[in-house]
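Remarks on the overall topology
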Amino acid sequence: VSQLKIAIDGPASAGKSTIAKLIAKDLNYIYCDTGAMYRSLTYAAIKKNIDPANEEALAALLKEMTISFKAGKEQQSVFVNGEDVTEEIRQPDVTNQVSAVSAHKKIREDLVRRQQEIAEDGGVVMDGRDIGTAVLPNAEVKIFMVASAAERAERRYKENLSKGIETPLLVLQKEIEERDYKDAHRQVSPLVQAEDAILIDTTNLSILEVVEKIKGIIEKKQ
Ligand code: C5P
């Protein structure tokens, strides 16, 4: 059985990481959360007071950063230069600035190269916005996962509540829509469904149903 490359793209909070993690566990593959890499840079930039519009300063900062993942039982931890930033990179200030940081060409070139190295030998499930189109155009399996904005806000709302954060549902929906707009309208590798990607709308599906659907798609490629 060959070691496949599986790309899962789609807008914010469509369920990509939840599903990608489950699929990776099932296949004993590496899970790579590319959004966490853009978030890590954004977090480091905020700490250093670097303007998200300053491409040169961001690129210089990124050059000095190692970003690594460590798989745990429940979640995957993210480390920047050895420091655990797993919680910090999910904070609202990072979420609201990450699209500006990720729009820069130099930033994408650097991170895409790192992502391609991680996926080099296959056996990887990678989620993001441009995996099927730019990072792994030869991935054997490409999924484009969507859900209605209302459903995505609802999911994020519940996830936040479990962490003790209470943001009004409509604020979350507006933030999600704004991030989608920026990600889909940037010049470099905008969020778009690859021609050969399979569309899955998760609005009315359970996590298990989505996992089963994708497993069926993977089985046909093995
Ligand atoms: O997946 P997540 O919501 O954590 O991604 C955070 C942000 O990182 C996205 O809104 C997008 O701006 C950026 N991103 C990207 N390309 C990827 C993954 C994430 O531009 N492959």
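Residues numbered from 1 in each chain as written. Predicted model: local features only at pLDDT ≥ 70, side-chain atom pairs only at ≥ 80, totals over all residues.

**Quick word on the overall build of the protein**
What counts is decided by this rule: Here a helix means four or more residues in a row that DSSP labels H or I, a strand means two or more in a row labelled E, and each is numbered from the N terminus. In this treatment the radius of gyration is a C-alpha quantity, and the globule benchmark scales as 2.2 Å times the residue count to the 0.38 power. Partly exposed residues are those whose C-beta has more than 12 but fewer than 20 other C-beta atoms within 10 Å; with 20 or more the residue is buried, with 12 or fewer it is exposed, and the C-beta atoms are placed from the backbone. Contact criterion: two residues are in contact if their C-beta atoms, reconstructed from the backbone, are within 7 Å.
Across its full length, the protein holds nine helices and eight strands. The C-alpha radius of gyration of the protein comes to 17 Å, within 12% of the 17 Å expected for a compact globule of 222 residues. In terms of overall dimensions, the protein has a C-alpha envelope of 50 × 40 × 35 Å along the principal axes. Evaluated residue by residue, the protein yields a buried proportion of 37% over its 222 residues. The contacts of the protein with a sequence gap of at least 6 include a subset with a gap of at least 24, amounting to 72%.

**Section: the site of the ligand**
Operational definition: Placing a C-beta atom from the backbone of each residue, we mark the residue near a molecule or strand if the atom is within 6 Å of it. Each residue receives one of three labels: charged for Asp, Glu, Lys and Arg, nonpolar for Ala, Val, Leu, Ile, Met, Phe, Trp, Tyr, Cys and Pro, and polar for the others, Gly being one of them.
The environment of the ligand is made up of 14 residues, and the closest members are Gly 35, Tyr 38, Ser 102, Gly 128 and Arg 129. Of all the secondary-structure elements, those providing two or more residues to the shell around the ligand are helix H2 (34–47), helix H4 (92–102) and helix H8 (169–185). Considering each element in turn, the shell around the ligand owes the most residues, four residues, to H2. Residue classes in the shell around the ligand are distributed as four nonpolar, five polar and five charged.

**Some remarks on the pairing of strand S4 (residues 76–80)**
So the rule is basically this: Two strands are counted as paired when DSSP detects at least two bridges linking them.
Pairing of strand S3 (residues 67–71) with S4, which is carried by five bridges, proceeds in the antiparallel orientation. By the bridge assignment for S4, Ile 67 is matched with Val 80. Linkage of S3 to S4, two consecutive antiparallel strands, is achieved through a turn of four residues. Judged from the two bridges that link them, S4 and strand S5 (residues 83–84) form a sheet pairing that is antiparallel. If you follow Val 80 over to S5, its bridge partner there is Glu 83. The loop that links S4 with its antiparallel partner S5 comprises two residues; one of these, Asn 81, has a positive phi angle of about 45 degrees.

**Overview of the nonpolar core**
Here is the rule we go by: By convention the nonpolar core is taken to be a set of buried residues drawn from Ala, Val, Leu, Ile, Met, Phe, Trp, Tyr and Cys and joined through C-beta atoms within 7 Å.
Residues Ile 6, Ala 7, Ile 8, Leu 41, Val 125, Met 126 and Ile 143 are the most contacted members of the largest nonpolar core, which totals 46 residues. Examining the composition of this core, we find that seven residues originate from one element, H2, more than from any other. Setting aside its immediate chain neighbours within four residues, Leu 41 contacts Leu 58, Leu 61, Leu 62, Met 65, Val 101 and Ile 107.

**A few points about the pairing of strand S6 (residues 124–128)**
Consecutive residues of a regular strand have side chains that alternate between opposite faces of the sheet. Taken across its five residues, S6 has five buried, putting it largely inside the fold. Across the two faces of S6 the burial is the same, with Val 124, Met 126 and Gly 128 and Val 125 and Asp 127 all buried. As paired strands, strand S1 (residues 5–9) and S6 are joined by five bridges and run parallel to one another. Looking across to S6, one finds that Lys 5 is bridged to Val 124. Pairing of strand S2 (residues 30–33) with S6, which is carried by four bridges, proceeds in the parallel orientation. Across the sheet, residue Cys 32 finds its bridge partner in S6, namely Met 126.

**What to know about the environment of Asn 96**
For Asn 96, the location among the structural elements is in helix H4. Considered as a pair, Asn 96 and Thr 42 are 54 residues apart in the sequence and their alpha carbons are 9.7 Å apart.

**As for the UniProt feature "domain: Cytidylate kinase" (unreviewed entry) in the protein**
Put simply, the test is: UniProt positions are given in the numbering used here, feature names are shortened, and annotations may be inferred rather than shown by experiment.
Look at the UniProt record and you will see "domain: Cytidylate kinase" (unreviewed entry) annotated at residues 6–218. Annotation note: span residues 6–218, helix share 51%, strand share 16%, distance between end C-alpha atoms 8 Å.

**Remarks on the packing of H2 against helix H3 (residues 55–63)**
Convention followed: Axis lines are fitted through C-alpha atoms, for helices just across the contact stretch, and the angle between N-to-C directions can take any value from 0 to 180 degrees. Any angle between 65 and 115 degrees counts as roughly perpendicular, while under 35 counts as roughly parallel, over 145 as roughly antiparallel, and the rest as oblique. Put simply, a crossing is left-handed when the front helix is turned counterclockwise from the back one by less than a right angle, and right-handed when it is turned clockwise.
For the pair H2 and H3, the least separation of the axes is 10 Å and the interaxial angle reads 110 degrees. Considering the angle they form, H2 stands roughly perpendicular to H3. Regarding H2 and H3, the two cross each other, and that crossing is right-handed. Here Leu 41, Ala 44 and Ala 45 of H2 come into contact with H3, specifically with Leu 58, Leu 61 and Leu 62. Per-class residue counts for the contact of H2 with H3 are six nonpolar, no polar and no charged.

**A look at the sheet that holds strand S8 (residues 198–201)**
What the five strands build is an open sheet, ordered S2-S6-S1-S7-S8; its pairing is parallel. Bordering the open sheet on either side are S2 and S8, each of which pairs with just one other strand. Sheet twist, expressed as the average angle between the axes of neighbouring strands with direction ignored, equals 20 degrees. Across the sheet, helix H1 (residues 16–27) lies against S1, S2, S6 and strand S7 (141–146), angled at about 180 degrees from S6, the strand it touches most.

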